[in-house]
Amino acid sequence: MRQLRQMLRLAGSGTSFREIAVVLGVARSTVQDNLKRAALAGLTWPLPGELTDDALEHRLFARAGVKQGQRRRKEPDWAELSIELKKPGVTLLILWEERTGSGNLHS
């Protein structure tokens, strides 16, 4: 969260996304995404003094309608996939097509 606070501070002082990315050692797209989230949450620099790191994280990254820690799809059986991938001619694409029912895309 400290890095996010620095992003907001630098953006508030007029620093470009590219310069912020270089200073913080992150991708420019990460800077863009985080600052977009902050703008949508109505957050600008300086942040309110009472805004804790947990509250900041919740405001920027909590997704409405999806509980934290819940997956939309069932987790694959990674052990089974590992065994299948060791067989000759088996690829992740083949296994994915078998499990999702998506066949030839050119039909």
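Residues numbered from 1 in each chain as written. Predicted model: local features only at pLDDT ≥ 70, side-chain atom pairs only at ≥ 80, totals over all residues. Heavy atoms only, no water.

### Section: the side chain of N34
Worth spelling out the cut-off: Per the convention used, a helix needs a DSSP run of H or I reaching at least four residues, while a strand needs a run of E reaching at least two, with both numbered from the N terminus. Any two residues whose heavy atoms approach within 4.5 Å are treated as being in contact.
Relative to the helices and strands, N34 resides in helix α3 (residues 28-40). Excluding residues within four positions of it along the chain, N34 makes contact with L4, M7 and F61.

### Focus: the packing of helix α2 (residues 17-24) against α3
Threshold: Each axis is a line fitted through C-alpha atoms, and for a helix only the stretch in contact is used; angles between axes span 0 to 180 degrees, taken between their N-to-C directions. What sets the label is the angle itself: under 35 degrees gives roughly parallel, over 145 gives roughly antiparallel, 65 to 115 gives roughly perpendicular, and the rest give oblique. In this scheme the handedness of a crossing depends on how the near helix is turned from the far one: anticlockwise by less than a right angle means left-handed, clockwise means right-handed.
It is at 8 Å that the axes of α2 and α3 come closest, and there the two elements cross at 110 degrees. When the axis of α2 is compared with that of α3, the two are roughly perpendicular. The chirality of how α2 crosses α3 is right-handed. Only R28, V31, Q32 and L35 of α3 make contact with α2, whose side of the interface consists of F17, R18, I20 and A21.

### Digging into the packing of helix α1 (residues 2-12) against α3
Selection criterion: For this scheme, ten residues count as nonpolar: Ala, Val, Leu, Ile, Met, Phe, Trp, Tyr, Cys and Pro. Four count as charged, namely Asp, Glu, Lys and Arg, and the remainder, Gly too, count as polar.
As a packed pair, α1 and α3 sit with axes 10 Å apart at the nearest point and diverge in direction by 85 degrees. With respect to each other, α1 and α3 are oriented roughly perpendicular. Contacts between α1 and α3 involve L4, M7, L8 and A11 from the former and T30, V31, N34, L35 and A38 from the latter. Tallied by class, residues from the contact of α1 with α3 come to seven nonpolar, two polar and no charged.

### Let's talk about the confidence of the model for the protein
As a reminder, the rule being used: pLDDT is a residue-level measure of predictor confidence that goes from 0 to 100.
On average, the protein scores 83 in pLDDT, and the residues at 70 or more come to 85%. At the low end of the mean pLDDT range in the protein sits helix α4 (residues 53-61), at 82; at the high end sits α2, at 92.

### Quick notes on the nonpolar core
In plain terms, the rule: We call a set of buried Ala, Val, Leu, Ile, Met, Phe, Trp, Tyr and Cys residues a nonpolar core when their side-chain atoms join them within 4.5 Å. Each residue is assigned to one of three classes by its accessible area relative to the maximum for its type, calculated with a 1.4 Å probe on protein chains only: buried under 20%, partly exposed between the two thresholds, exposed over 50%.
Membership of the largest hydrophobic core comes to 15 residues, with the highest contact counts inside it found for M7, I20, L43 and L56. For this core, the elements supplying multiple residues, two or more each, are α1, α2, α3 and α4. With four residues, the top contributor of residues to this core is α1. Non-local contacts of L43, meaning those with residues more than four positions away in its chain, are made with A38, L51, L56, R59 and L60.

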